[in-house]
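Architecture and fold: a report
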Amino acid sequence: MRVLVTGGAGYIGSHTAKELSNQGMEPVVYDNLIHGHREACKWGPFIQGELHDLERLRECLREHKIEAVIHFAAYAYVGESMKDPGKYFWNNVEGSLSLIRAMRQESVNLMVFSSSCATYGIPESVPISEAEIQKPINPYGETKLIVERALHWYAQASPLKYAALRYFNAAGADKSGEIGEDHTPETHLIPLAIEAVLGKRDPLKIFGTDYPTRDGTAERDYIHVEDLARAHVSALHHLANGNDSFCCNLGTGNGSTVREVLDELEKIAGKPVPADPAPRREGDPPSLVADPSLAEKLLGWKAENNLSDILQDAYRWHTK
Ligand code: UDP
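**Structural notes on the sheet that holds strand 12 (residues 256-257)**
Reading across the sheet, the three strands line up as 12-9-14 and stay open at both edges, with mixed pairing between neighbours. One side of each edge strand has no neighbouring strand; the edge strands of this open sheet are strand 12 and strand 14 (287-288). Bridge analysis of strand 9 (residues 219-220) against strand 14 gives two bridges, and the strand direction is parallel. Paired with Arg220 across the bridge in strand 14 is Leu288.

**Structural notes on helix 8 (residues 258-269)**
Its twelve residues give helix 8 an end-to-end C-alpha distance of 16 Å, which sits within 8% of 16 Å, the value for a rise of 1.5 Å per residue. Buried residues of helix 8: Val258, Val261, Leu262, Glu264, Leu265 and Ala269, and no others. Buried residues of helix 8 fall within an arc of 165° about the axis and therefore sit on the same side. Lining the buried residues of helix 8 we find helix 6 (189-197), strand 8 (204-207), strand 10 (222-224), strand 12, strand 13 (275-278) and helix 10 (307-319). Note on helix 8: the residue one or two positions beyond its end, Gly270, has a positive phi of about 75°.

**Let's talk about a negative patch on the surface**
Residues Glu50, Asp53, Glu55, Glu59 and Glu63 make up a contiguous surface patch of negative charge. Within the secondary structure layout, Asp53 lies in the loop between strand 3 (46-48) and helix 2 (54-63).

**Considerations on empty space enclosed by the protein**
Under the defined criterion, the tally for this structure stands at one cavity of 30 Å³ or more. Computed from the structure, the largest cavity encloses a volume of approximately 30 Å³. Every residue along the wall of the largest cavity is listed here: His71, Ala73, Ala74, Asn92, Ser96, Phe113, Thr143, Lys144 and Val147. Residue assignment for the lining of the largest cavity shows that the elements contributing at least two residues are helix 4 (85-105) and helix 5 (139-157). Top contributing element to the lining of the largest cavity by residue count: helix 5, with three residues. Looking at the lining of the largest cavity residue by residue, the classes come out as four nonpolar, four polar and one charged.

Rules and cut-offs
- Residues numbered from 1 in each chain as written.
- Predicted model: local features only at pLDDT ≥ 70, side-chain atom pairs only at ≥ 80, totals over all residues.
- Heavy atoms only, no water.
- Pairing = 2+ DSSP bridges.
- Helix = DSSP H or I, 4+ residues; strand = E, 2+ residues; numbered from the N terminus.
- Expected span 1.5 Å × (residues − 1).
- Buried < 20%, exposed > 50% of the residue type's maximum accessible area, 1.4 Å probe, protein only.
- Arc of directions from axis to C-beta.
- Contact = heavy atoms within 4.5 Å.
- Patch = residues over 30% accessible without salt bridge, like charges linked within 9 Å, V, L, I, M, F, W, Y side chains within 5 Å.
- Areas by Shrake-Rupley, 256 points an atom, 1.4 Å probe, with all protein chains shown as cover.
- Salt bridge = Lys/Arg side-chain N within 4 Å of Asp/Glu carboxyl O.
- Lys, Arg positive; Asp, Glu negative; His and termini not counted.
- Charge placed at Lys NZ, Arg CZ, Asp CG, Glu CD.
- 1 Å grid on protein atoms, 1.4 Å probe; cavity = no way out; pocket = protein on both sides within 12 Å on 5 of 7 lines; lining within 4 Å.
- Points joined across faces, edges and corners; volume = space filled by probe spheres on them.
- Nonpolar A, V, L, I, M, F, W, Y, C, P; charged D, E, K, R; others polar.

In structure tokens, the structure reads:
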């Protein structure tokens, strides 16, 4: 199967392109390289382009005889989305609508969409199942929800089928060390903590030590990027086999607090992670942990890596 991977030069996109190729499919990467890395596209053709460029997208779908799309391309900085919501609605919503339009016009009917647990906002109950009400608390989460809803209605009215995958906290790196997490600017806990322990940046700030969790720091469900990549390919097979569209969580079902992450990293690095308590970061919920049972039921998919595997692979990538 020939698969267009939008955002395939980015973190999760490049790992998924590699997994597609490992499973005998042909990924074609479409990326504007604003945040992506050209050198992370090694598994098939690369096209530099914008999602808003309808004609370019159509040409690319035709030329490469694309049969399905995995759509990652999006801005993903929650803080930035609070300050500049227009940037997020323009790129993440209007860009996605342009892509769906191109797919409709070229009769490409399968899409796996990169959604987020940010669509849930502050959940009523944890672990979070897909039945949880989606009430985003930032424009980033709102843009992901709007695209989910657009896909829902397109799927009612056309042959389009989609899977919306709501990731929890993607982390880790490719086990062979070929690709890993490289954001500019970096805002995520695990790469920042690794750089702090390696002395490459200032001590980590622990955002919030008074949360109602076991040690007062915020709890997240960290999921290995290779497990995410496998889930995308499984979702594609599921749709291609004629099953219905669906939305599902991708997480491990196990939460780790910021302090637990730092303690585990300390074991791997062999030294304490320099870290100081700091005020809570605006818009951070206390606890986000997935109920991943639907993904297992539908796709037979389960995360294979735990926090220690994630940290070991991320540490190896950062010390390479
Ligand atoms: N965090 C932190 N210090 C940092 C970056 C993150 O304490 O420098 C915390 C953050 O408040 C959250 C968790 O680590 O509770 C994961 O944050 P990250 O930005 O990696 O992912 P998010 O959950 O925001 O998507």
